[in-house]
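Below, each chain spelled out in residue letters.
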Amino acid sequence: MAQKQHLEYRGERGMRGPYPFDQDAIDEIAEDEYGVYLLTHEADDDDSVIVVYVGRGIIQDRLADHLDDEKKDALHFFYKPLNDEDDGFREECRLFHQYGKRRHLYNKIHPSVPKGSPRNHPRCSERGCKGEPD
Ligand SMILES: [Zn+2]
């Protein structure tokens, strides 16, 4: 896997973690808990926490999916429960931008607008971003 220059975790209000990125820890999360999450690793040169992936959805399901894919080299995860899909979208956009978008994250695409949103729903919560690839 091509090495990316991941950015350091800054601490996020309401974010729970770190938890070890394994099935036991994932099983501890409430089954239908919705929100955003971060997959993290440690920097090579020191032990600082670096963010490798940003996501949202039913947290337990999404994390279990990641255990099976290429993000499994993550060491820890963090998550933040949220009440609805618009909050989740806004928060995922913010984190996606904060941690360097596709340039610094393994995320391949910009966070998507929640399904069923009106046509004029903003494509991103961040000023100046229209949800475009970069
Ligand atoms: Zn954006």
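Keep in mind that this is a model prediction, so the values were computed, not measured.

Trainee: When you look at the confidence of the model for the protein in this model, what are you seeing that I'm missing?
Mentor: Fine structural detail should not be taken from predicted coordinates in areas where pLDDT scores are low. Taken over all residues, the pLDDT of the protein has a mean of 92, while the share at 70 or more is 94%. Model confidence for the protein, summarised as mean pLDDT per element, is weakest for helix α4 (residues 101-104) at 94 and strongest for strand β5 (residues 76-81) at 98.

Trainee: What's the story with the environment of His66 in this structure? I'm lost.
Mentor: Secondary-structure assignment places His66 in helix α2 (residues 59-67). Each C-alpha atom of the pair His66 and Leu39 lies 9.2 Å from the other, and the pair is 27 residues apart in sequence.

Trainee: Got a minute to help me understand the pairing of strand β4 (residues 49-58) in this structure?
Mentor: Remark: a regular strand shows side chains that alternate across the two faces of the sheet. Both strand β1 (residues 7-8) and β4 contribute to a ladder of two bridges, which runs antiparallel. Counted as the bridge partner of Glu8 is Ile50 from β4. Pairing between strand β3 (residues 34-42) and β4: nine bridges, direction antiparallel. Each residue of the ladder has a partner; that of Tyr34, found in β4, is Ile58.

Trainee: Explanation requested: α2 in the structure shown.
Mentor: Residue pairs three or four apart in sequence face the same way in an α-helix, which turns once every 3.6 residues. Every buried residue of α2 is listed here: Ile59, Leu63 and His66. The buried residues of α2 all sit within an arc of 55° when viewed along its axis, so they share a single face. Buried residues along α2 sit in contact with α1 (23-27), β3, β4 and β5.

Trainee: Please clarify how the nonpolar core should be interpreted in this entry.
Mentor: The nonpolar side chains of a soluble globular protein tend to be buried with one another. Membership of the largest hydrophobic core comes to 28 residues, with the highest contact counts inside it found for Tyr37, Leu38, Val54 and Phe77. Contributions of two or more residues to this core are made by β3, β4, α2, β5 and α3 (85-98). When residues no more than four places from it in sequence are discounted, the contact partners of Phe77 are Gly17, Pro18, Tyr19, Phe21, Tyr37, Leu38, Leu39, Thr40 and Leu63.

Trainee: Where do I start with α3 in this structure?
Mentor: The end-to-end C-alpha separation of α3 is 20 Å, in line with the 20 Å expected for 14 residues at 1.5 Å each. The complete set of buried residues in α3 reads Gly88, Phe89, Glu91, Glu92, Cys93, Leu95 and Phe96. Buried residues in α3 make contact with β3, β4, β5 and α4. Phi turns positive one or two residues past the end of α3, at Gly100, with a value near 95°.

Conventions used here
Residues numbered from 1 in each chain as written. Predicted model: local features only at pLDDT ≥ 70, side-chain atom pairs only at ≥ 80, totals over all residues. pLDDT = per-residue confidence, 0-100. Helix = DSSP H or I, 4+ residues; strand = E, 2+ residues; numbered from the N terminus. Pairing = 2+ DSSP bridges. Buried ≥ 20, exposed ≤ 12 C-beta atoms within 10 Å, placed from the backbone. Arc of directions from axis to C-beta. Contact = placed C-beta atoms within 7 Å. Core = buried A, V, L, I, M, F, W, Y, C linked by C-beta atoms within 7 Å. Expected span 1.5 Å × (residues − 1).

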